[in-house]
Amino acid sequence: MIYGIVWYVQDFLWVLGAGKILIPEIFLILLVVLSMWKQEKGEERYWAAFIGGVLWDLRWLGFPGPTALIYVLTIMAVRWIWLMVPVSGRTVLLFGAILWCALLPVSLLRILLWGLRGGTVFMTYLLQQSYNLPIVLFACALYAWKLKNSNA
Amino acid sequence: MRNDLHTREWIHGFIAVILSLLLLAAAPQRQVFRRAVDVVGTVLSYPESPAVALERGLKRLSLWFTNQKTLQDRLASLESENTRLRLLHSMNSASAVVAELERKTGYARVTLREPLSWWSEVRMNRGSQNGVSVGTSVLQNGALVGRVRSVGERSSWVELISSTSSLIPVVIEETRDLGVVAGDGDGGLWLLYVPESRGLAEGMTVSTAMVSEALPPGIPVGKIAAETQDTAGSYRAWRVLPQGTLSQLYTLEYLPVTVGATRNGTPSPMEKKL
């Protein structure tokens, strides 16, 4: 349910931006956060990423595949790194770094599919990361709060 | 058990990756996905309709603000142009008035009024070339406002009736009493040398008297006001409200001296006396 709602919110924002503004990848952020937050239900994350990606591609690209592939690979990478790290090492900083890095490939994909080339890619990339930054910080704050409560 | 779970999870992940790759590989065959794209587009068009409406509304709002700004810029431009045209028109009108005044004989413009001697003197743009001489009576709308004190070729200085050194012989029209109107230096006029017993009343008209040969008789000076002042003896000073508006001196009329006064700027013996 939460996947559907967040996917719809991202789609809604994309429509609102009329394709002129790059919208934060809130659906992927949700998947990444949940992948690290709750270690169980790994399969569910992959299939949610796959279906969400395919739908996104069908809606906005006209052919399925790129987003689904990036989403699934991102979740796999995140889970692989996260599960490799011992529980004591799963700090807020690592959480934020992984979340941030997880957004980089899909951001680049969006910019390239948007048709930007040359020097504008870098500028747009930075701009898009500035949109992601508040969300990443908010997720880190939530994770810190969770850690604090679980330690208490 | 945990390893089994992870293994199963990775299998799911790899299957999803393989499916994604297969879909990506089939991407060049667009007609394969056309139906799916249409279905997704149609289905999503309903939940997306609020976003579409909102986006259109925002676009309309943005357009409205842009139009408003354009209109305001245009309005500002027109106002500026209007101001310039109005100024130009005023300048042309003023030039025409000045030119008309210049053509008329007996009319003059005030060209200087110094703040330090505001109630004492003004300079007008008529001088000896225009028949102005010392002692010439200067009027505003037919009422006496001053007399020429010094004359140049093209301009002359007028001593206003509100000057402290101005003494104008006058007659009260209703009672035929003679007196002198003097200025107090603050824009006020006082009628002097009329006995208290003469029973002057507010509203009586004060005009120039035929006492000075340099000053034509019968020129209105002002009207007596209610305010009085005790002076020495049995005389009383009466405030006179000037008929001319001394605070609005723009154009003046002048009556050249016809009798007695000399044209070279020297006052006649009678003027010297006054």
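Residues numbered from 1 in each chain as written. Chains lettered and ligands numbered in written order. Predicted model: local features only at pLDDT ≥ 70, side-chain atom pairs only at ≥ 80, totals over all residues. Heavy atoms only, no water.

1. What about the interface of chain B and chain A?
Note the threshold: Pairs of residues are marked as contacts when any of their non-hydrogen atoms sit within 4.5 Å. Defined here as a combined quantity, buried area equals the accessible surface (1.4 Å probe) lost by two parts on assembly, summed across both. Any carboxyl oxygen of Asp or Glu within 4 Å of a side-chain nitrogen of Lys or Arg constitutes a salt bridge here. By definition, any uninterrupted DSSP run of H or I lasting at least four residues is a helix, any uninterrupted run of E lasting at least two residues is a strand, and each is numbered from the N terminus. Amino acids outside the nonpolar list (Ala, Val, Leu, Ile, Met, Phe, Trp, Tyr, Cys, Pro) and the charged list (Asp, Glu, Lys, Arg) are all regarded as polar, and Gly is one of them.
In this complex, chain B contributes 33 residues to the contact, which on the side of chain A involves 33 residues. Carbon and sulfur atoms make up 75% of the surface buried where chain B meets chain A, a total of about 2,800 Å² over both sides. By the criterion of area lost to chain A, the three top residues of chain B are Glu9, Trp10 and Glu48 of chain B, representing 19% of everything that side buries. Across the chain B-chain A interface, the total number found is three salt bridges. Of the charged contacts in the structure, one is a salt bridge between Arg8 of chain B and Glu43 of chain A, with a shortest N-O distance of 3.5 Å. For the side of chain B that touches chain A, the secondary-structure elements that each account for two or more residues are α1 (2–25) and α2 (30–103) of chain B. Ranked by residues supplied to the side of chain B that touches chain A, first place goes to α1 of chain B with 17 residues. Among the residues making up the side of chain B that touches chain A, the classes are represented as 22 nonpolar, four polar and seven charged.

2. Describing a nonpolar patch on the surface
Residue and element names in this part refer to chain B. For the record, the criterion: Grouping into patches uses exposed residues only, defined as over 30% relative accessible area, and leaves out salt-bridged ones; the cut-off is 9 Å for like charges and 5 Å for nonpolar side chains (Val, Leu, Ile, Met, Phe, Trp, Tyr). Only the protein chains shown count as cover for residues, with accessible areas throughout obtained via the Shrake-Rupley method and a probe of 1.4 Å. Here's how the labels work: a residue is buried when its accessible area is under 20% of the maximum for its type, exposed when over 50%, partly exposed in between, all with a 1.4 Å probe on protein chains only.
A cluster of nonpolar side chains, Ile11, Phe14, Ile15, Ile18, Leu19 and Leu22, forms an exposed patch at the surface whose accessible area comes to about 550 Å². Secondary-structure assignment places Ile11 in helix α1. Here Ile11 falls in the partly exposed class, since its relative accessible area comes to 44%.

3. Observations regarding helix α5 (residues 92–114) of chain A
All names here are of chain A. We count it as follows: Working rule for helices: expected span equals 1.5 Å times residues minus one. The angle between axes fitted to the seven residues ending at a residue and the seven residues starting there is what we call the bend at that residue.
Over its 23 residues, α5 runs 33 Å from end to end, which matches the ideal 33 Å to within 8%, given 1.5 Å per residue. At Leu104, α5 shows its maximal kink, close to 25°; a proline, Pro105, follows between one and four residues later. Buried within α5 we find Phe95, Gly96, Ile98, Leu99, Ala102, Leu103, Val106, Ser107, Leu109, Arg110 and Ile111. Phi for Gly115, located one or two positions after α5, is positive at around 100°.

4. Observations regarding the sheet that holds strand β10 (residues 220–230) of chain B
Residues and elements named next belong to chain B. Short version of the rule: One bridge is not enough; two strands pair if DSSP finds at least two bridges between them. Note on geometry: axes are C-alpha line fits, over the in-contact stretch for helices, and angles between N-to-C directions span 0 to 180 degrees.
Read around the closed barrel, the six strands follow the order β6-β7-β8-β11-β10-β9; overall the barrel is antiparallel. Averaged over neighbouring strand pairs, the angle between their axes works out to 45° when direction is ignored. As paired elements, strand β6 (residues 167–172) and strand β9 (residues 205–208) share three bridges and run antiparallel to each other. Bridge assignment links Val170 to a residue of β9, and that residue is Thr208.

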